[in-house]
Amino acid sequence: MTKEMQKNKPKKKSSAHDRILSKARTLFGKKGYQHTTLRAIAEACGCEPANIYNFFSSKENILFEILDQEMDGILADINKITRDEKADPVDHLKAIFDSHGRVTLGKMRTSRTLFDSSLRSLSNKHQRIIIEKRDEYDRILRLVIQRGIDSGVFDQTDVKMASFAIASIIARARVWYRPGGVKSVDEIINTLFLFALKALGYKGKFVI
């Protein structure tokens, strides 16, 4: 993790701060970033627009923190993978599915497709931070796939394309997932993970 990424690690925030983020996340997901006003966010929070400025200098800063929290949540449990060369790459791939899947289908799911559609709305500085963290995720995922190929548990494949496919099926789940459905979050993650194992040519049997 670079110094710029470290400087932007999440700090403990107030409940009002978190409420603003939660309401903004939902509104951005429903109406889109461009069509959501600070006044609408304030109304959803039950406060005046001026109160928002006690925590955020602009609507763009709210968007940045939402996306930054999402990437930090995904990376938190998988950064250690790069240092653990002896572990089973299948176990590491499962860890990636668990981390990414629970962020995608957890409290941040209300942002729906916000990530890709609104990244361009960030300032250049904020874009660089988010893209750097996204690149770190891609690097870890590709490392795990390559280790699987090198150890013979995965078939030879285009690692870059495989990583894009895996990240996409996890991220896409937030579009169609509905809480209280037939399958739980863990069941959905496990199903997607087993599907990815088959796509990678894994011949073993992974016990969930």
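This text goes with the structure placed above it.
What counts as what
- Residues numbered from 1 in each chain as written.
- Predicted model: local features only at pLDDT ≥ 70, side-chain atom pairs only at ≥ 80, totals over all residues.
- Heavy atoms only, no water.
- Helix = DSSP H or I, 4+ residues; strand = E, 2+ residues; numbered from the N terminus.
- Buried < 20%, exposed > 50% of the residue type's maximum accessible area, 1.4 Å probe, protein only.
- Contact = heavy atoms within 4.5 Å.
- Areas by Shrake-Rupley, 256 points an atom, 1.4 Å probe, with all protein chains shown as cover.
- Phe/Tyr/Trp six-rings, centres within 6.5 Å; stacked < 30°, edge-to-face > 60°.
- Axes fitted to C-alpha atoms, helices over the stretch in contact; angles between N-to-C directions.
- Parallel < 35°, antiparallel > 145°, perpendicular 65-115°, else oblique.
- Left-handed = near helix turned anticlockwise from the far one by under 90°.
- Nonpolar A, V, L, I, M, F, W, Y, C, P; charged D, E, K, R; others polar.
- Disulfide = S-S within 2.5 Å.
- Expected span 1.5 Å × (residues − 1).

Participant: Could you clarify how one ought to interpret the overall build of the protein chain in this entry?
Facilitator: In terms of regular secondary structure, the protein chain is built from 10 helices and zero strands. When each of the 208 residues of the protein chain is scored for burial, the buried share is 46%. Across the protein chain, every contact between residues at least 6 apart in sequence was considered, and the portion connecting residues at least 24 apart equals 73%. In the form shown here, the protein chain has an accessible surface area of approximately 11400 Å², with 51% of it arising from carbon and sulfur atoms.

Participant: What is the right way to look at the packing of aromatic side chains in this model?
Facilitator: Centre distance and the angle of the planes are the two values used to describe a pair of aromatic rings. Throughout the structure, instances matching the rule amount to three aromatic pairs. Consider the rings of F97 and F193, whose centres lie 5.6 Å apart with planes at 70°: the pair is edge-to-face. Taken together, the residues span a long stretch of sequence, with F97 in helix 6 (residues 89-105) and F193 in helix 10 (residues 185-199) at a distance of 96 residues. By the burial criterion, F97 is buried, and F193 matches it. Relative to F206, the ring of F193 lies with its centre 5.0 Å away and its plane at 75°, an arrangement referred to as edge-to-face. On the criterion of sequence distance, the pair formed by F193 in helix 10 and F206 in the segment after helix 10 is long-range, its members being 13 residues apart.

Participant: Whenever I open this one, the packing of helix 6 against helix 9 (residues 159-176) confuses me. Can you help?
Facilitator: Two numbers describe a pair of packed helices, the interaxial angle and the distance between the axes. Where helix 6 meets helix 9, the closest approach of the two axes is 8 Å, and the angle between their N-to-C directions is 25°. Comparing the axis directions of helix 6 and helix 9 gives the class roughly parallel. The interaxial crossing formed by helix 6 with helix 9 has right-handed handedness. On helix 9, the residues touching L93, F97, H100, G101, V103, T104 and L105 of helix 6 are I166, A167, I169, I170, A171, A173 and R174. Within the contact of helix 6 with helix 9, the residues separate by chemical class into 10 nonpolar, three polar and one charged.

Participant: Before we go on, may I ask you to explain the state of the cysteines in this structure?
Facilitator: Disulfides are covalent bonds that link the sulfur atoms of two cysteine residues. A complete count under the given rule lists zero disulfides for this structure. Not part of a disulfide, C45 finds its nearest cysteine sulfur in C47, a span of 5.1 Å. Under the relative-accessibility criterion, C45 is labelled buried at 12%.

Participant: Help me understand helix 8 (residues 124-150) in this model?
Facilitator: The α-helix advances 3.6 residues per turn, and as a result positions three or four apart in sequence lie on the same side. Here helix 8 contains 27 residues, and its C-alpha end-to-end distance of 38 Å stays within 8% of the 39 Å for a straight helix at 1.5 Å per residue. Downstream of helix 8 by one or two residues, G152 has phi in the positive range, about 85°.

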